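Structural overview
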Amino acid sequence: MPPSIETVQSWQGRTMVDPAGDKLGTIDAIYLDDETGQPEWALVTSGLFGAKSAFVPLAQAQGTGDSVQVPHAKEQVKDAPSMTADGQLSQDEEAELYRHYGLDYSEHRSDSGLPAGTHDDTVGRDVSGPTTDDAMTRSEEELRLGTETRERGRARLRKYVTTEQQTVTVPVQREEVRVEREPITDANLGDATSGPAISEEEHEVTLREEEVVVEKRAVPRERVRLDTETVTEERQVTEDVRKEQIEVDDQDQLRRQDPR
């Protein structure tokens, strides 16, 4: 048994799911059978700002908590024929939808001149025609904002070798010749007269010095890795939204009624 109009009116704005619980989208509007006045189709929108829409039959829909479940798989709804959501389905459009969902379709026409199973406007919208009630609904658009994650760039670590000059002062030692002279005394007289009285001689001493030796070795200094952190910032979004105005047309003058 299809859900009642009272029940379906409370579904508008809820999430619709398939038998597996996968999200199909948000119920944006309800289409009524013009002949019986019973709910027959739900216009379901999905994607950022409701970019995608599909018509889903309500014949076997049922509320499950905060969601509405239908016996149609997500892929079937995703592949449903694309129809313009202008408040009315043509006979051919509705027949195509019925075939897509494997449902029987009757092509007899209702009193309004529309095929059975359609309605010339949706619940919660401004309506006109033989099935409207004694009030007019004023609607306006509101922004629905969301976020999606996308890749904004990539960062990588790259290690490369550079060469620089370093100047270091190193103390070095070297030997130099110093001549020492001592007078002849009783203590060194024997050494002084041990050789010939007059002769030629050569004495030699080896001089040594230090030289700088440079060695290089690799020394680990630090470990570097990449990590990410999430920062939050505020961005302003500007969009045009439409809203309906209701004006009263009397015989004397046109007065614009304040919608607030």
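Structure shown above.
The text that follows walks through the structure, step by step, so that each part is easy to find. Within each chain, residue numbers correspond to sequence positions counted from 1 in written order. Restriction of local features to residues with pLDDT of at least 70 applies here, the model being predicted, together with a cutoff of 80 or more for giving and counting side-chain atom pairs; totals for whole chains, interfaces and linings are based on all residues. Side-chain numbers here rest on the full set of heavy atoms in the structure, without hydrogens or water.

1. Topic: a nonpolar patch on the surface
Two distance rules govern patches: like charges are joined within 9 Å, and nonpolar side chains (Val, Leu, Ile, Met, Phe, Trp, Tyr) within 5 Å, applied only to residues with over 30% relative accessible area and no salt bridge. Computed with the Shrake-Rupley method and a 1.4 Å probe, the accessible areas treat only the protein chains shown as cover for residues. Any Lys or Arg side-chain nitrogen found within 4 Å of a carboxyl oxygen on Asp or Glu counts as a salt bridge. Residues V168, V170, V172, V212 and V214 make up a contiguous nonpolar surface patch of about 480 Å² in total accessible area. Within the element layout of this structure, V212 appears in the loop between α4 (189-192) and β7 (247-249). Starting at the N terminus, helices and strands are each numbered in turn, a helix being any DSSP run of H or I of at least four residues and a strand any DSSP run of E of at least two.

2. Structural notes on the pattern of salt bridges
Within this structure, the stated rule accounts for six salt bridges. The shortest N-O distance in the salt bridge between E140 and R138 comes to 3.2 Å. Exposure categories follow from relative accessible area, calculated using a 1.4 Å probe and restricted to protein chains: below 20% of the type maximum is buried, above 50% is exposed, and the middle band is partly exposed. Under the relative-accessibility criterion, E140 is labelled partly exposed at 48%. The shortest N-O distance in the salt bridge between E233 and R235 comes to 3.0 Å. Take R235: its relative accessible area is 67%, and that puts it in the exposed class.

3. Here we look at the side chain of T26
Mapped onto the fold, T26 is located in strand β2 (residues 23-32). Relative accessible area serves as the criterion here: at 18%, T26 is assigned to the buried category. Once residues within four sequence positions are removed from consideration, T26 is found in contact with G13, R14, L43, V44, T45 and R144. The contact definition used throughout considers only heavy atoms, calling two residues in contact when any of these lie within 4.5 Å.

4. Topic: the nonpolar core
Within the largest apolar cluster, 28 residues are counted, with the highest numbers of intra-cluster contacts made by M16, W41, F55 and L58. Counting residues per element, this core draws most heavily on β2, which supplies six residues. Those residues in contact with M16, other than ones at most four positions away along the chain, are D22, K23, L24, G25, I27, A42, V44, V56, L58, V68 and V70. For this analysis, a nonpolar core means a set of buried residues of the types Ala, Val, Leu, Ile, Met, Phe, Trp, Tyr and Cys, connected via side-chain atoms within 4.5 Å.

5. Comments concerning the packing of aromatic side chains
When the centres of two rings from Phe, Tyr and Trp lie within 6.5 Å, Trp using its six-membered ring, the rings pair. Their planes under 30 degrees apart give stacked, over 60 give edge-to-face, and anything left gives tilted. Here the structure, examined in full by the defined rule, presents three aromatic pairs. Residues Y31 and F55 carry aromatic rings whose centres are separated by 5.1 Å and whose planes lie at 90 degrees to one another, so their mutual orientation is edge-to-face. Remark: F55 occurs in strand β4 (residues 52-57) and Y31 occurs in strand β2; sequence separation between them is 24 residues. We note that Y31, like F55, is buried. Judged by centre distance (6.4 Å) and plane angle (50 degrees), the rings of W41 and Y101 are tilted. Separated by 60 residues along the polypeptide, W41 in strand β3 (residues 39-46) and Y101 in the loop between α3 (91-100) and α4 bring together distant segments of the chain. The two residues W41 and Y101 agree in class, both being buried.

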